[in-house]
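# Structural features, examined
Residues per chain, in single letters:
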Amino acid sequence: MLTIRNLSQTYPNGVQALKSVTLDIEPGMFGLLGPNGAGKSTLMRTLATLQEPTHGQILFDNKDILQNPNVLRQCLGYLPQEFGVYPKISAYNLLDHLAVLKGVLHKKERKEQVEALLQQTNLYQVRNKSVNTFSGGMRQRFGIAQALLGNPQLIIVDEPTAGLDPEERNRFHNLLSEIGENIVVILSTHIVEDVRQLCSKMAILIAGEIKLYGSPNKLVEAL
Ligand code: ADP
Ligand code: ADP
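An account of the accompanying structure is given in this report. (Residues numbered from 1 in each chain as written. Chains lettered and ligands numbered in written order. Predicted model: local features only at pLDDT ≥ 70, side-chain atom pairs only at ≥ 80, totals over all residues. Heavy atoms only, no water.)

The subject of this paragraph is the overall build of the protein chain. Check the secondary structure of the protein chain and you find eight helices and 10 strands. The buried share of the protein chain, taken over its 223 residues, is 49%. Accessible area for the protein chain stands at about 11,200 Å²; split by element, carbon and sulfur atoms hold 48% of it. One finds the centroid of the 22 positive side-chain charges in the protein chain at a distance of 5 Å from the centroid of its 21 negative side-chain charges. (Helix = DSSP H or I, 4+ residues; strand = E, 2+ residues; numbered from the N terminus. Buried < 20%, exposed > 50% of the residue type's maximum accessible area, 1.4 Å probe, protein only. Areas by Shrake-Rupley, 256 points an atom, 1.4 Å probe, with all protein chains shown as cover. Lys, Arg positive; Asp, Glu negative; His and termini not counted. Charge placed at Lys NZ, Arg CZ, Asp CG, Glu CD.)

Within the open sheet, the four strands sit side by side as β2-β1-β4-β5. Their pairing is antiparallel. The open sheet terminates on both sides in strands that have one partner only, identified here as β2 (16-25) and β5 (63-64). Examined bridge by bridge, strand β4 (residues 55-60) and β5 share two bridges and lie antiparallel to one another. Looking across to β5, one finds that F60 is bridged to K63. The strands that helix α1 (residues 40-47) touches are β1 (2-10), β2 and β4; relative to β1, the one it contacts most, it runs at about 120 degrees. (Pairing = 2+ DSSP bridges. Contact = heavy atoms within 4.5 Å. Axes fitted to C-alpha atoms, helices over the stretch in contact; angles between N-to-C directions.)

Taken together, the residues surrounding ligand 2 are N13, S41, R45 and Q81. In the model, a nitrogen atom of ligand 2 is placed 3.5 Å from a nitrogen or oxygen of the N13 side chain. Taking R45, its side chain carries an N or O atom lying 3.0 Å from an oxygen atom of ligand 2. In isolation ligand 2 has 540 Å² of accessible area, and contact with the protein removes 33% of it. Here the residues of the shell around ligand 2 sort into no nonpolar, three polar and one charged. (Near = heavy atom within 4 Å. Polar contact = N/O pair within 3.5 Å; in protein donor to acceptor, adjacent residues only side chain to side chain. Nonpolar A, V, L, I, M, F, W, Y, C, P; charged D, E, K, R; others polar.)

As a further point, take the site of ligand 1. In the vicinity of ligand 1 lie 13 residues, with G37, G39, K40, S41 and T42 positioned nearest. Here G39 contributes a backbone N or O atom positioned 3.0 Å from an oxygen atom of ligand 1. In this structure, an oxygen atom belonging to ligand 1 sits 2.9 Å away from a main-chain N or O atom of K40. In the complex, the protein chains occlude 64% of the 550 Å² of accessible area that ligand 1 would expose alone.

Quick look at the environment of S200 now. The residue S200 is located in the loop between α7 (192-198) and β9 (201-206) in this model. Overall, S200 belongs to the partly exposed group, its relative accessible area being 46%. Sequence separation of S200 and G143 is 57 residues, and the distance between their C-alpha atoms is 23 Å. Those residues in contact with S200 that sit more than four places away from it in its chain are M29, G214, S215 and P216.

What follows deals with the nonpolar core. In this structure, F142 and L176 are the most contacted members of the largest nonpolar core, which totals 41 residues. Of all the elements, helix α5 (residues 136-148) adds the most residues to this core, at six residues. Formed by 26 residues, the second largest nonpolar core is a distinct cluster that contains L2, I4, L47 and I186. (Core = buried A, V, L, I, M, F, W, Y, C linked by side-chain atoms within 4.5 Å.)

Dropping the structure here:
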C-alpha cells in the first residue's frame, strides 16, 4: 500500500509541477491521468526515488521511503517514458546483468527469472539480439521485463503506449493486466481509454493538483 501526502515539487525555474498531492494507492492497477505538463512524470520520478520533492511524504507499507529510499528501491520496478541507448550486448545478457544489479545473485535463479520474463514478454525468440535493434513495442515489453526483475511489489509505468501500433498496444495492455493482478501498478498516461480499460482506480492530475479520484467508470462519465 502506497500513501502520498502533501507532495510538492517546485523546480529551480519556479515551475510548481506538484502542489500538495495526496493519494492512497492500493494493490491493482492505478491510473494517473492528466494532460501534458500536468506533472505526471514529476510524480512518477519522485515515486521512483529518482528525484526529491520540495515537500511531502511517501509511505510504502507504512515505511517512509524518502527517508529510506532503499526500502522502496528493492521492491520497485520503473518503466520510464523514454529509453536511452542500449549496450550492444544481447537482450538476454543485458537482463542478466540488470538482475545482478537488482540483487538476484544466484546464477541458476537468475537464469530461471530471465528466461521466464523473456517468455512472458514474448521476447524469447529475439533474446540474442541487442535491444537497439528492437521496435518500439518490443522495447516497451523489454522495459516491462526489466521492471519485473527481482519480483517487485510496485511497478511504475510512465506514458507507455506512445508510438505503439494497435496490436502492440493490445499486447502491452494484456501484459500489464496480468502483472496488475498481483501487485501495485501505477500507469501514468494522457489516454482516457487506456485507464478505463485497465485500471480499477484512478486520479486526474491537472496543473500539479489532484482534481478527481475514484473508479474510472464513474469518473470518465464526468469528463
Ligand atoms: P507531464 O509528465 O504530466 O507531462 P511533467 O512532470 O513532465 O508533466 O512536467 C510538469 C511541469 O514541470 C511542466 O511545466 C514541465 O515543463 C516542468 N518540468 C518538468 N521537469 C522539469 C525540470 N527538470 N525542471 C524544470 N521544469 C520541469
Ligand atoms: P513530459 O513528456 O513528461 O512532459 P517533458 O518533455 O516535459 O516530459 O520533459 C522531458 C525531460 O525534460 C524531463 O527529464 C524533464 O525533467 C525535463 N524538463 C522538462 N521541462 C523542463 C524545463 N522547463 N526545464 C528543465 N528541464 C525540463
